[in-house]
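Listed below, chain by chain, are the residues.
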Amino acid sequence: MKQTIKSSIAIILSLLFLLSLVACNTVDKTGIWEEATYLRDKEFGKGSKTVVVEVKAADQMVTFTIHTDKETVGEALMEHDLIDGEEGPYGLYVKKVNGMTADFDVDGYYWAFYIDGEMAMTGVDSTEIKEGVTYQLECTKG
């Protein structure tokens, strides 16, 4: 009887451990991800708006959930040092996302910006935050 209880407890603990691994997405620190600041899904801030941003590179992805009072997606990301770039004629040219660099002039890669899976017609710094929308930044070969 005691052995059955011990076996049941061991099975339950193993299942809980496996579920916790699945619930907390983690990427491998290889390739471009070697430069990444965060290798797992992360939540930031305490503002009244919620922004969900998926960062994709080399077939791996992490999701950032940002609570902010900022007006644009770019402001929310910059508030937590999640993007960096330089100002250009069309706004912020994002070269670094989550610590990972993609610079078209250097390596032919760039950070594509999507809104609910569709290529954005605006840049991150001019895209107003909308609740319930998922934004994506994907490292793309040009």
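Scroll up to find the structure this text is about.
Described below are features of the structure shown in this document.

About the thresholds
- Residues numbered from 1 in each chain as written.
- Predicted model: local features only at pLDDT ≥ 70, side-chain atom pairs only at ≥ 80, totals over all residues.
- Heavy atoms only, no water.
- Salt bridge = Lys/Arg side-chain N within 4 Å of Asp/Glu carboxyl O.
- Helix = DSSP H or I, 4+ residues; strand = E, 2+ residues; numbered from the N terminus.
- Buried < 20%, exposed > 50% of the residue type's maximum accessible area, 1.4 Å probe, protein only.
- Pairing = 2+ DSSP bridges.
- Core = buried A, V, L, I, M, F, W, Y, C linked by side-chain atoms within 4.5 Å.

Pairing is possible between side chains of opposite charge, provided their charged atoms come close. Inspection of the entire model under this criterion finds four salt bridges. A salt bridge links Lys 49 to Glu 71, with the nearest nitrogen and oxygen atoms 3.2 Å apart. One end of the pair, Lys 49, is in strand β2 (residues 49–57); the other, Glu 71, is in the loop between β3 (60–68) and α2 (73–79), and 22 residues separate them in sequence. With relative accessibility at 47%, the residue Glu 71 sits in the partly exposed group. One salt bridge in this structure joins Lys 95 and Asp 103, with 3.2 Å as the shortest N-O distance. The same class applies to Lys 95 and to Asp 103, which are both buried. Through salt bridges with shared partners, one network takes in Glu 86, Lys 95 and Asp 103.

Pairing is antiparallel across the open sheet formed by three strands, whose spatial order is β4-β5-β6. Edge positions in the open sheet fall to β4 (83–88) and β6 (100–101), since each of these has one partner strand only.

Notably, Asp 59 is not glycine yet its phi reads approximately 65°, a positive angle. Examined against the element boundaries, Asp 59 turns out to sit in the loop between β2 and β3. At Asp 81, a position not held by glycine, the phi torsion is positive, near 55°.

A separate point is the nonpolar core. In terms of nonpolar packing, the biggest core is built from 31 residues, with Trp 33, Val 55, Trp 111 and Leu 137 touching the most fellow members. Those elements that provide at least two residues to this core are β2, β3, α2, β5 (91–97), β7 (109–115) and β9 (134–141). Here the element with the most residues in this core is β2; it accounts for four residues.

Attention shifts here to the sheet that holds β3. Taken in spatial order, the six strands of this open sheet run β1-β3-β2-β9-β7-β8, and their pairing is mixed. With one partner strand each, in any of the chains shown, β1 (42–45) and β8 (118–119) form the two edges of the open sheet. Relative to β8, β7 runs antiparallel, the two being bridged by two bridges. Bridge pairing links Tyr 114 to Met 119 in β8.

Keep in mind that these numbers describe shape and distance, not what the molecule does.
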